Amino acid sequence: MGKCDGEEGMKKAGKGQFVVYVGEELRRFTLPLSYLKNPIFQQLLKKSAEEYGYSYSRGIVLPCDESTFRSFINSRLEI
């Protein structure tokens, strides 16, 4: 399951993980690479590329609010 990193969470993702930023405050989440295979998550990444492009220097920003994203990773993402 995805993990929300706190203020100290500005380090590299661990092996087998990647980082996304969500919401107005760009909350950092560390997710397992297996999420990348999920069709719903792939659509979210596509929407992110359309909205922000590929050159955003901070990392992958997902175009949804934090509460929606938390609901998504807690209930809809079956890996």
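The structure we're discussing is the one just above.
Here is what the cut-offs are and how they apply
- Residues numbered from 1 in each chain as written.
- Predicted model: local features only at pLDDT ≥ 70, side-chain atom pairs only at ≥ 80, totals over all residues.
- Heavy atoms only, no water.
- Salt bridge = Lys/Arg side-chain N within 4 Å of Asp/Glu carboxyl O.
- Helix = DSSP H or I, 4+ residues; strand = E, 2+ residues; numbered from the N terminus.

Is there a simple way to think about the pattern of salt bridges in this case?
Any two side chains of opposite charge can pair, given that their charged atoms come close. Under the counting rule described, the total for this entry stands at three salt bridges. Of the charged contacts in the structure, one is a salt bridge between glutamate 66 and arginine 27, with a shortest N-O distance of 3.5 Å. One end of the pair, glutamate 66, is in helix H2 (residues 66-76); the other, arginine 27, is in strand E3 (residues 27-32), and 39 residues separate them in sequence. In this structure, glutamate 66 and arginine 70 form a salt bridge, with 2.9 Å as the shortest nitrogen-oxygen distance. Of this pair, glutamate 66 and arginine 70 are both found in helix H2, four residues apart, which corresponds to roughly one turn of the helix. A single salt-bridge network, built from bridges that share partners, covers Glu25, Arg27, Glu66 and Arg70.

From the geometry alone we can't say anything about function, so treat these as descriptive.
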